[in-house]
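Structural overview
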Amino acid sequence: MPVARPEPQEPRVIAHVDMDCFYVQVEQRRNPALRGQPTAVVQYNDWKGGGLIAVSYEARGFGVKRSMRGDEAKRVCPGINLVQVPVARGKADLNLYRSAGSEVVAILASKGKCERASIDEVYLDLTDAAKEMLLQAPPDSPEEILIEAAKSNILGLPSDASEKEKIVRAWLCRPDADSEDKLLACGAIIVAQLRVRVLEETQFTCSAGIAHNKMLAKLVSGMHKPAQQTVVPSSSVQDFLASLPVKKMKQLGGKLGSSLQDDLGVETIGDLLSFTEEKLQEQYGVNTGTWLWKIARGISGEEVEDRLLPKSHGCGKTFPGPKALKNSASVKGWLDQLCEELSERIQSDLNQNKRIAQTLTLHARVSKENERDSVKKFPSKSCPLRYGTWKIQEDAMKLFESGLHDFLEYQNTGWSITSLSVTASKIFDIPSGTSSILRYVKGPSSASSPAIPDSSSVPEDPSLDNNVYVTPSNEEQCEPSTSEKEDGKKYSAISAKQCSANEAKRISKKFPEVKGTSSILKFLSRGQSALHEKRKSDGLICSHPGLESSLEASRAEEHNASAQGADRSSTNCGAEPSGSNAWMFNVEDIDPAVVEELPPEIRREIQGWIRPPKQPNTKRREFPGRKCSCRHVCDLCCRHVCDLC
């Protein structure tokens, strides 16, 4: 449900830029012979001429609409050019159009905060740029106004076509205008400049809406297409919304809009003005009621997000009519292809933008046999995303099987799928200073091990799917034991191999040894001096808070002072002198999903690091029998008196 957001403290200048029949323009740039000709872009061309996804304005003049199929469009307009969308893996490949959209975004983002809303539309927050223009070069001469800006459509002005340009120039340069309108005028000039740049550099035309919030800018950007812009002054907001149909407003095209029409008799946004905020809250809840009350007055606090890259990656395919999928084998075949494309896209995003997707989601439209009017929908299913084509394919199939199980509700009945898609979402930037854990596991003498990228690189091969990124953090430094200092021995004589052996010996108390396996510490601490020097140079000094805690807990069981000294010696894993840049990782940052993929013996060991060790019970206890004369309970066995007594 919609949520009302706080209004900004100061007026803003927001623009919504929408490309004109973008897919057609991309094809016209590829084939200039199509310019000025009735053209449509179609996909899935093997049934009734394909579905139209974009129609040129020349074809629209003949009555061609996007809801038509290709064969119907040819009957309406015999001379229409139908261009097929590129096909890859048996489905439409939109990479050509995504790349063209990125060209436009790169230009628009040069003037302010930019939010890429879809493949062919962008929101811009031009407030700072408009303020700068108002201070340094305000529009004060109508003759100097850019021609494209003078063609703007400004709501509330006389619609006399013969005098339109003159009226617009005068409005943009009004000396008596309030600060909001002056900012809006500067925003209109900036948008006109950007649209001219887009045309010159990409050969694409676009339309735009300029207002004080995203809601109004979106509503008016398509009012005067193609290649025009519309401005909404604050004084014209009420008149504009008074006659706007409810279904035209974003988030009112579904059930909420139908409820307004059926329950309250609201047909236009202006009709909402007759209801108090309390009445709307009573009917639709506090948040939605307040949101409705505000949009009726043209108020919206939604901000432009500074985002040039998509929030998610998705790949889907529809299976209409007889093409519906009716068995698991056909579903797996298509899921494998969709996941292969998804893997390539998220891998490309990782390589180019240093971003990692976190969640894999599967969506489907499924119907049961003999239940055409079934209300129950196939449930969407999600899980943590694992990089690597085969892993994504495996997880997607498991999600489908889980969803199908819930959908059928233990009924042994047939089913058919008409739509299938997989999505990678929750995409975040890789923190600086991270690297694959394989870099630290790989030894210098492991000639057979693959090369692992450093912190400034990312995997290029989608099959390299075992990478886990860990981030260096602060740690305690290991120090030489007291006995070694007293004997004058050099600390460098302590080998990493000895350290590893001592640590592994203690950990073996917790986890049983599996024949033919070894501790992960074996790979993290090599015996060769060359590896020790490399680890020092990389800042990889052996220290681990979870492991250290478990070792301290085991020390508490010792009652001999010399044994305690030996224990301290066993924790000194290739320490650096005080003040060195040592390396460690925080157990709280370990992803449990990654741990589950490790071999069983190493998984048990790492889980021992993650789980907090049991703290020794230092409370004084009362037990049957005589007490220690020292008034303490023996550390080694709490049911007996101390050996010293």
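In this text, all values refer to a predicted model and were calculated from it rather than measured experimentally. (Residues numbered from 1 in each chain as written. Predicted model: local features only at pLDDT ≥ 70, side-chain atom pairs only at ≥ 80, totals over all residues. Heavy atoms only, no water.)

1. A closer look at unusual backbone geometry
Each neighbour pair has its own omega, and for Lys225 with Pro226 the value is -5 degrees, a cis peptide bond. With respect to the secondary-structure elements, Pro226 resides in the loop between α9 (214-220) and β11 (229-231). Here the phi dihedral of Cys21 falls at roughly 30 degrees; this positive angle occurs in a residue that is not glycine. Structurally, Cys21 can be placed in the loop between β1 (14-19) and α1 (22-30). At Arg89, a residue that is not glycine, the phi angle is positive and equals roughly 60 degrees. By the secondary structure assignment, Arg89 is in the loop between β5 (87-88) and β6 (91-92). With relative accessibility at 24%, the residue Arg89 sits in the partly exposed group. (Helix = DSSP H or I, 4+ residues; strand = E, 2+ residues; numbered from the N terminus. Buried < 20%, exposed > 50% of the residue type's maximum accessible area, 1.4 Å probe, protein only.)

2. Things to note about the environment of Lys376
Of note, Lys376 is situated in the loop between β13 (355-368) and β14 (381-384). We classify Lys376 as partly exposed; its relative accessible area is 34%. Along the backbone, Lys376 and Phe407 are 31 residues apart, and their C-alpha atoms lie at a distance of 7.4 Å. If sequence neighbours within four positions are ignored, Lys376 has contacts with Asp406, Phe407 and Glu409. (Contact = heavy atoms within 4.5 Å.)

3. Comments concerning the packing of aromatic side chains
Each aromatic ring pair is characterised by the separation of its centres together with the angle its planes make. Tallied over the entire structure, the rule returns seven aromatic pairs. On the basis of an interplanar angle of 20 degrees and a centroid distance of 5.9 Å, the ring pair of Phe378 and Phe400 is categorised as stacked. Here Phe378, found in the loop between β13 and β14, pairs with Phe400, found in helix α15 (residues 389-408); they are 22 residues apart in sequence, far enough to count as distant. Plain terms: the ring middles of Phe378 and Phe407 are 6.0 Å apart, the flat faces sit at 45 degrees to each other, and that makes the pair tilted. Remark: Phe407 occurs in helix α15 and Phe378 occurs in the loop between β13 and β14; sequence separation between them is 29 residues. By relative accessible area, which is 7% here, Phe378 ends up buried. Here Phe407 falls in the buried class, since its relative accessible area comes to 0%. (Phe/Tyr/Trp six-rings, centres within 6.5 Å; stacked < 30°, edge-to-face > 60°.)

4. A look at the packing of helix α12 (residues 277-284) against helix α13 (residues 286-295)
Relative orientation of the contacting elements α12 and α13 amounts to 140 degrees, with a least axis distance of 7 Å. Taken together, the axis directions place α12 and α13 in an arrangement best described as oblique. You can see that α12 and α13 cross each other, and the crossing is right-handed. Together, Glu277, Leu280, Gln281 and Tyr284 of α12 and Val286, Thr288, Gly289, Thr290, Leu292 and Trp293 of α13 make up the contact between the two elements. Residues that form the contact of α12 with α13 fall into these classes: five nonpolar, four polar and one charged. (Axes fitted to C-alpha atoms, helices over the stretch in contact; angles between N-to-C directions. Parallel < 35°, antiparallel > 145°, perpendicular 65-115°, else oblique. Left-handed = near helix turned anticlockwise from the far one by under 90°. Nonpolar A, V, L, I, M, F, W, Y, C, P; charged D, E, K, R; others polar.)

5. Description of the sheet that holds strand β10 (residues 206-211)
Pairing in this open sheet of six strands is mixed, and the strands run β7-β8-β1-β10-β11-β9 from one edge to the other. The open sheet has two edge strands, β7 (113-118) and β9 (153-154), and neither has a second partner. The sheet contact formed by β10 and β11 spans three bridges and is parallel. Following the sheet pairing, Ala208 is matched in β11 by Gln229. Strands in contact with helix α4 (residues 95-108) are β1, β7 and β8 (121-125); relative to β7, the strand with the most contacts, it is inclined by about 160 degrees. (Pairing = 2+ DSSP bridges.)

6. Some thoughts on helix α11 (residues 255-263)
Taken residue by residue, α11 has Leu256, Gly257, Ser259 and Leu260 as its buried positions. Along α11, the residues classed as buried sweep out an arc of 160 degrees about the axis, all on the same side. In α11, those exposed residues whose orientation departs by more than 90 degrees from the buried face are Lys255 and Asp262. Its buried side turned inward, α11 meets α12 and α13. Positive backbone phi, approximately 70 degrees, marks Gly265, located one or two places after α11. (Arc of directions from axis to C-beta.)

7. Some thoughts on the nonpolar core
Core analysis: the biggest nonpolar cluster contains 52 residues, and Val41, Leu108, Leu124, Leu172 and Phe204 have the highest contact counts within it. Here this core takes eleven residues from helix α8 (residues 179-202), the largest share from any one element. Setting aside anything within four residues of it in sequence, one finds Phe204 in contact with Met19, Phe22, Gln25, Val26, Arg29, Ala100, Val104, Val198 and Leu199. Counting residues in hydrophobic clusters, the runner-up holds 36 residues, among them Leu350, Cys383, Ile392 and Ile427. (Core = buried A, V, L, I, M, F, W, Y, C linked by side-chain atoms within 4.5 Å.)

8. Looking at α4
Spanning 14 residues, α4 covers 20 Å between terminal C-alpha atoms, matching the ideal 20 Å at 1.5 Å per step. Taken as a whole, α4 has its buried residues at Tyr97, Ala100, Gly101, Val104, Val105, Ile107 and Leu108. End-on, the buried residues of α4 take up no more than an arc of 160 degrees, which puts them together on one face. On its buried side, α4 packs onto β1, α1, β2 (39-43), β7, β8 and α8. (Expected span 1.5 Å × (residues − 1).)

All we've got here are geometric facts, nothing functional implied.
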